[in-house]
Amino acid sequence: MATDILTMTYDEILSVVTDLGFPAFRAKQLYQWLNKGAQLSEMNNLPKAFKDALTENGYVVDLPKIEKKLVSQVDGTVKLLFSLSDGQYIESVVMKYEHGNTICVSCQAGCRMGCKFCASTLRGLSRNLTPSEIIGQIFMAQRSVGERISNIVMMGIGEPLDNYDNVIRFLRTVNREEGLNIGYRHISLSTCGLVDGIKKLEKEQLPITLSISLHNIDTEQRKTIMPITNKWSVEELLTACAEYFKATGRRISFEYTLIANENDSISQAEELAKGLKKFLRGMPIHVNLIPLNDVSERSFKKSSQKNVEAFKNRLNALGINATVRRRLGPDINASCGQLRLNAQEQ
Ligand code: SAH
């Protein structure tokens, strides 16, 4: 069995190195390289005997491999398709903003949440990604675009709270000062609403931004597009959000994908405003409206521009801060899930 050392802590590396009979300063050197996302072959101040001992004992650095790179001619957005060591495919997207580069990473190969409008869940979940496979997307993307990545959104393939321990280890690793050094305030984690996960996350003391994919505030209606609602009602979800805010002081943002004739009526905007205000009294609320990206395998259609504007205006009029998310990389279909599907199919 191979043991991936990429996201090991210094103490873990030290015990690997001393167990193999090498001096502690080798652990320090190795740890420095790992924090740069280097492959074993690139670690040029480490003797061959040391690297051979690592390899022979099954210690590997397992970075994902870039299989395809698409660059938007419109806004410079970069979409990467990666293969993993067992032949799975995943995707990341790098978006260029004035405040720096943001990466959208995947945390699972596939997804088992079953949201009816989402491409990532079409073939179910293959497996969880390891912490190294998640952070590896960032190291490889930085090399590929040649610029530092300063912000992370966990909005790629997969449900972060369904791969809880690996995601937490990933978050703690990207935050290391001697590594990527990405501040928790520059990280957003998006969930379809795993209430047990939200409760656990609340205790981690990670000042990241939590983002909830809500898409409908009516429990019965939400069940028809997001099966997770059968497990936790919208009321339970919003109560957990209120508690999260009370405990952490971190505001939560809400994602709302607008689907024609499904969740985009004026009365649904009114119910949304009413419900958010009722459950989240005192919390600054922001709703991100996302016009649905068409997924060819799915029958849903995006809301008209007119309905999107009307929905937004109604929320704003009711005192809910709502903005429409600009679509990046329109020419490369930058939203996640589809490259993986195509690659997996071939
Ligand atoms: N599982 C997590 C993170 C991944 S999805 C979650 O559900 O939040 C990232 C966001 O994209 C979610 O808000 C999701 O609902 C949304 N999304 C999925 N498919 C979409 C589509 N076809 N068009 C627009 N947004 C979509």
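First things first, this report covers the structure right here in the doc. (Residues numbered from 1 in each chain as written. Predicted model: local features only at pLDDT ≥ 70, side-chain atom pairs only at ≥ 80, totals over all residues. Heavy atoms only, no water.)

Turning next to the pairing of strand β12 (residues 252-258). Among the 7 residues of β12, 7 are classified as buried, and the element is accordingly described as predominantly covered. Side chains Ile-252, Phe-254, Tyr-256 and Leu-258 of β12 all project onto a buried face; the interleaved residues Ser-253, Glu-255 and Thr-257 project onto the opposite face, where all are buried too. Where strand β11 (residues 209-213) meets β12, 4 bridges bridge the pair, whose relative direction is parallel. Note on β12: the bridge partner recorded for Ser-211 is Ser-253. (Buried < 20%, exposed > 50% of the residue type's maximum accessible area, 1.4 Å probe, protein only. Helix = DSSP H or I, 4+ residues; strand = E, 2+ residues; numbered from the N terminus. Pairing = 2+ DSSP bridges.)

This part is about the site of the ligand. Near the ligand you find 18 residues, and of these Gly-158, Ser-190, Ser-213, His-215 and Asn-293 are the closest. One of the backbone nitrogen or oxygen atoms of Phe-117 is found 3.1 Å away from a nitrogen atom of the ligand. Contact between the ligand and Ser-213: an oxygen atom at 2.6 Å from a side-chain N or O atom of the residue. For the ligand, the accessible surface in isolation is 530 Å², of which the surrounding protein chains cover 89%. (Near = heavy atom within 4 Å. Polar contact = N/O pair within 3.5 Å; in protein donor to acceptor, adjacent residues only side chain to side chain. Areas by Shrake-Rupley, 256 points an atom, 1.4 Å probe, with all protein chains shown as cover.)

Our focus in this paragraph is the packing of helix α9 (residues 266-279) against helix α10 (residues 305-317). For the pair α9 and α10, the least separation of the axes is 9 Å and the interaxial angle reads 35 degrees. Between α9 and α10 lies a crossing whose hand is right-handed. Within the contact between the two elements, α9 uses Ile-266, Gln-268, Ala-269, Glu-270, Leu-272 and Ala-273 and α10 uses Ala-310, Phe-311, Arg-314 and Leu-315. Taken together, the residues that form the contact of α9 with α10 break down as 7 nonpolar, 1 polar and 2 charged. (Axes fitted to C-alpha atoms, helices over the stretch in contact; angles between N-to-C directions. Left-handed = near helix turned anticlockwise from the far one by under 90°. Contact = heavy atoms within 4.5 Å. Nonpolar A, V, L, I, M, F, W, Y, C, P; charged D, E, K, R; others polar.)

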